[in-house]
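Coordinate inspection notes
What follows is each chain in one-letter form.
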Amino acid sequence: MKSNLGVFGLGVMGKSIALNILNHGYTISVYNRETEYTKSFSELTQGKPVKSCFNVEEFINSLEMPRKVLLMVTAGEAVDKVIEGILPYLEQGDIVLDGGNSYFKDTIRRYNYLKGKEINFLGVGISGGEQGALFGPSIMPSGNKEAYQKVQKILEDISAKAEDGKACCSYVGESGSGHYVKMVHNGIEYADIQIICEAYSFMKDGLKLSIEEIQETFCEWNKGKLQSYLIKITSEILLKKDEFTNNYLIDMILDKAEQKGTGKWTSIEGFDIGTPIPTIVASVEARYLSSKKEERIQASKILTFDVGGGHYNKKETLKALENAIYAAKICCYAQGFELLKDAANLYDWNLDFGSIAMLWREGCIIRANFLNEIKEAFDEENNNLILTNKFYGKIIEYQPDLRSTLIKMIECGIYIPAFTSALQYLDGYRSEITSANLLQAQRDYFGAHTYQRIDRKGTFHTIWE
Ligand code: 6PG
């Protein structure tokens, strides 16, 4: 009996996905370069339909035709090496799925390379961390559609299900589009996280709330329009006690943010294709600034001015903060979807933004009720989210609270790059006239770079001096 699918790589994510597939009644083969991983998986799954393989040829030959091989290896060079390793044993029509966080340009390259060898390559964005992988992740697959249809049932079965029972997995588009959508998901994830962190900072250092009060506020917010996985885990994190000191653990964690690079990829892509995504960029930069801890300590001793602030009505300020977070989130999701829109045009992908919002309703890190509304917004019209019928009224309603909250945060000296960039995106995007006329004049003055006029066609240059 041949296995339905093979999982190559049994690290945290590979192991969880393999168990998830197994739990849905499929037969699998597994392989890992370090044999201890394979052995321990074999022990864990005794009595289940698993073939634990210790060489690549045996692994590939144990799969039913067309062979389906899911790669769960660290993104980067390792993926290329694994592909080269399995290639001699694959045949025309076999399907290789890359379930890692691969860079979409690598996925496009691999897709074309394997297409030339008549092997199907699917780039499969998977979100949800270890728990998601085990119990149902959000899955963003792309590549040849017919090949996708051959693995569709397995991927849908193992994916998260939204409240209406629909699978959070559907075909995204050609080539590297699945990993692109996953990359943008991560960019939004960075921004969403940063917005929450800035709200926490303001409550702690601006409003001087106790950790219990902040925790209750997040709990309350999770029952309303901000309901989301990230708000929920924040409320759970805040009351966790430290096993060493019995303080709250959050107060014992060093404030230096790390990153694996997907937010940086999103930011670079925004620059490359000319789409403004300032809240995502600001969130990546905030991580870099946070990591300069030693310099910040030094600066805090020198730049010791009193910033004042802090005497606000707690109830009103928290209500406004909730609205401000909501408005900032809309602006940040708008940026992510605008990047997807520009990418779809540039790379010639037929992306359905409503379906992408559906994919993110469950299983992934940015899952939230609010994604149902985003789906409805895109079903009605293909426009910038902040201009859609569904959201423009909310922006108009909440923007005064966003503005007044930001003023308070600035008065208190809180570092709020995500919030400010979100408001700046809004104000920039709705500006009929910007100051770029002056900018163009300056470029023409110092470099004869020319400019266009508002009243006649053509390119103009002026002798300014
Ligand atoms: C997911 C996550 C995941 C990501 C981590 C950490 O969707 O499951 O986005 O893919 O790797 O969240 O990312 P950073 O280390 O860059 O913060």
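Worth saying up front: this structure is predicted, and the values here are computed from it rather than measured.

Let us look at the packing of aromatic side chains. Counted by the stated rule, this structure contains 25 aromatic pairs. On the numbers, 5.6 Å between centres and 75 degrees between planes, the contact of Tyr326 with Phe370 is edge-to-face. Pair noted here: Tyr326 is in helix 14 (residues 314–347) and Phe370 is in helix 16 (residues 370–380), with a separation of 44 residues, a long-range link. By the burial criterion, Tyr326 is buried, and Phe370 matches it. Between Phe353 and Phe378 the ring centres are 5.8 Å apart and the planes differ by 55 degrees, which places this aromatic pair in the tilted class. You can see Phe353 sitting in helix 15 (residues 353–359) and its partner Phe378 sitting in helix 16, a full 25 residues away along the chain. The ring of Tyr229 is capped by Arg367, whose NZ or CZ atom sits 3.9 Å from the centre of that ring.

Within the structure, the ligand sits among 14 residues, and Ser127, Lys182, Glu189, Tyr190 and Arg287 are positioned closest to it. Between an oxygen atom of the ligand and a side-chain N or O atom of Ser127, the distance comes to 2.4 Å. With respect to the ligand, the side chain of Tyr190 contributes an N or O atom lying 2.5 Å from an oxygen atom. No other element matches helix 8 (residues 177–206), which puts 5 residues into the shell around the ligand.

What follows covers the side chain of Ser138. Relative to the assigned elements, Ser138 resides in strand 7 (residues 138–142). Looking at Ser138, the relative accessible area reads 0%, which means it is buried. Ignoring sequence-local partners within four residues, the contact set of Ser138 consists of Gly125, Ile126, Ser127, Cys168, Leu359, Trp360, Glu362, Gly363 and Cys364.

There is a patch of nonpolar side chains on the surface, built from Ile302, Leu303, Phe305 and Val307 and spanning about 450 Å² of accessible area. Relative to the helices and strands, Phe305 resides in the loop between helix 13 (293–302) and helix 14.

With that out of the way, let us pick up the environment of Val82. The residue Val82 is located in helix 4 (residues 77–86) in this model. Val82 sits 24 residues away from Glu58 along the chain, and the two C-alpha atoms are 15 Å apart. Among all residues touching Val82, those that are not within four sequence positions of it are Phe8, Leu71 and Val73.

It is worth spelling out the pairing of strand 7 at this point. Of all 5 residues in strand 7, 5 are buried; the element is thus mostly enclosed. Because side chains alternate across strand 7, one face comprises the buried residues Ser138, Met140 and Ser142, and the other comprises Ile139 and Pro141, equally buried. The pairing of strand 6 (residues 120–127) with strand 7 spans 5 bridges and is antiparallel. Looking at the pairing, Val124 lines up with Pro141 of strand 7.

Scanning all chains against the criterion turns up 29 salt bridges. Of the charged contacts in the structure, one is a salt bridge between Glu91 and Arg67, with a shortest N-O distance of 3.1 Å. You can see Glu91 sitting in the loop between helix 4 and strand 5 (95–98) and its partner Arg67 sitting in the loop between helix 3 (56–61) and strand 4 (68–71), a full 24 residues away along the chain. Its relative accessible area of 6% is what places Arg67 among the buried residues. Salt-bridge contacts for Lys232 lead to Glu236; the nearest nitrogen and oxygen are separated by 3.5 Å. Taken as a pair, Lys232 and Glu236 lie in helix 10 (residues 229–238) at a separation of 4 residues, close to a single helical turn. Of the residues examined, Lys232 reaches a relative accessible area of 36% and is grouped as partly exposed.

Here we come to the sheet that holds strand 7. The 7 strands lie next to each other as 3-2-1-4-5-6-7, forming an open sheet whose pairing is mixed. Both outer strands of the open sheet, strand 3 (50–53) and strand 7, are each paired with one neighbouring strand and no more. The mean inter-strand angle of the sheet, taken between neighbouring strand axes irrespective of direction, is 20 degrees. Bridge count for strand 4 against strand 5 is 4 bridges, and the pairing is parallel. Opposite Leu71, over in strand 5, you have Asp98 as the bridge partner. Strand contacts of helix 4: strand 1 (5–8), strand 4, strand 5 and strand 6, with the helix running at about 155 degrees to strand 4, the strand carrying the most contacts.

Rules of the game
- Residues numbered from 1 in each chain as written.
- Predicted model: local features only at pLDDT ≥ 70, side-chain atom pairs only at ≥ 80, totals over all residues.
- Heavy atoms only, no water.
- Phe/Tyr/Trp six-rings, centres within 6.5 Å; stacked < 30°, edge-to-face > 60°.
- Helix = DSSP H or I, 4+ residues; strand = E, 2+ residues; numbered from the N terminus.
- Buried < 20%, exposed > 50% of the residue type's maximum accessible area, 1.4 Å probe, protein only.
- Lys NZ or Arg CZ within 6 Å of the ring centre and 35° of its normal.
- Near = heavy atom within 4 Å.
- Polar contact = N/O pair within 3.5 Å; in protein donor to acceptor, adjacent residues only side chain to side chain.
- Contact = heavy atoms within 4.5 Å.
- Patch = residues over 30% accessible without salt bridge, like charges linked within 9 Å, V, L, I, M, F, W, Y side chains within 5 Å.
- Areas by Shrake-Rupley, 256 points an atom, 1.4 Å probe, with all protein chains shown as cover.
- Salt bridge = Lys/Arg side-chain N within 4 Å of Asp/Glu carboxyl O.
- Pairing = 2+ DSSP bridges.
- Axes fitted to C-alpha atoms, helices over the stretch in contact; angles between N-to-C directions.

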